Amino acid sequence: MDLGLEGRTAFITGASSGLGLAAAVALAQEGCNVTICSRDSGRIQAASETILNNEWADPNKILPLVCDVTQESQIQSAITKSTAKFGHLHILLTNAGGPKTGQIDDFSEQDWRDGLELNLVSTINLCRHALPHLRSAAENDGHARILMLTSIAAKQPINSLYLSNTSRAGVQGFAKTLSEELGQHGITVNTLLPGFTRTERLQHLVDYLVTQENKTKEQVEEGWAKQAALNRLGEPWEFAAAATFLASKQAGFITGVALAIDGGYSKHIL
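Residues numbered from 1 in each chain as written. Predicted model: local features only at pLDDT ≥ 70, side-chain atom pairs only at ≥ 80, totals over all residues. Heavy atoms only, no water.

1. Structural notes on the sheet that holds strand E6 (residues 187-194)
Thinking step 1. Ordered in space as E3-E2-E1-E4-E5-E6-E7, the seven strands form an open sheet in which the pairing is parallel. Strand pairing shows two members of the sheet lacking a second neighbour, strand E3 (62-66) and strand E7 (258-261), which therefore form its edges. If you compare each strand with its neighbour and ignore which way they point, the axes differ by 15° on average.
Thinking step 2. Here strand E5 (residues 144-149) runs beside E6; their pairing, made up of six bridges, is parallel. Bridge pairing links Met148 to Thr191 in E6. (Pairing = 2+ DSSP bridges. Helix = DSSP H or I, 4+ residues; strand = E, 2+ residues; numbered from the N terminus. Axes fitted to C-alpha atoms, helices over the stretch in contact; angles between N-to-C directions.)

2. Details of the environment of Val121
Thinking step 1. One can find Val121 in helix H4 (residues 109-141).
Thinking step 2. On the accessibility criterion, Val121 (28% relative accessible area) is partly exposed.
Thinking step 3. Spatially, the C-alpha atoms of Val121 and Ile158 are 21 Å apart, while their sequence positions differ by 37 residues. (Buried < 20%, exposed > 50% of the residue type's maximum accessible area, 1.4 Å probe, protein only.)

3. Concerning the nonpolar core
Thinking step 1. Of all hydrophobic cores here, the largest spans 31 residues; its most connected members are Phe11, Leu92, Leu134, Ile146, Met148 and Ile187.
Thinking step 2. Among the elements of the structure, E3, helix H3 (72-86), H4, E5, helix H5 (162-182) and E6 are those that each provide at least two residues to this core.
Thinking step 3. The element best represented in this core is H4, accounting for nine residues.
Thinking step 4. Residues in contact with Phe11, not counting those within four places in the same chain, are Thr35, Cys37, Ala78, Ile79, Ser82, Leu89, Ile91, Leu92, Leu93 and Leu126.
Thinking step 5. Grouped together as the second largest cluster of nonpolar side chains are 30 residues, Ala28, Ile91, Leu147 and Ile261 included. (Core = buried A, V, L, I, M, F, W, Y, C linked by side-chain atoms within 4.5 Å. Contact = heavy atoms within 4.5 Å.)

As structure tokens, then:
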């Protein structure tokens, strides 16, 4: 199937590792120009090399940028640099690292504010600054997509993830509202809700639970796997495949959807 992504431009934040990087690799392999962002210069350069180490990779189609998504000025600057290089923007994939883990008494007021800034406010600001370019892409090419990476925790809260449960649920409300407004312009807006997937972020949660619950790493991971219908954890490439389809030309009639990529972990009917 031709996904219609050749020559399109994607802007991906939180792309130095994990799910963001996996999505960048998948989109680049489909022929997209890909801007990848992270707040750490060394890590985003390493991510760029990871993509370029593939025989199909074109160095002229990969742009690594430093961008702290909690700083609106850096978001604006990064989007400007991306459109200056590639000339347009068709796909925005918003992503940021997970906030602190803990119990209710572990968080200060500032922790709550930081969590909302990291996951919710950053998503709002990325959309605000990308929208002029996405509207232009929708008008000129009929291809404009917003994908927001949240978490299955937005639908089924996970113990110890207070900040993530709260902020990512806010992203869901924002995304659904935005999808209604932008539909008339031909811009689709969807969220991706990964379950327990083998990433660096998941390892941090494993380490926390090993300490808190006096379990081994294997016991923690086995417990998660047993709750999923597929009885295993996910892999980043599986998330990336779903993201790539929703970014594609063929997904033009899908909007306002919260897509769980969790192996059947969540048990809600809808």
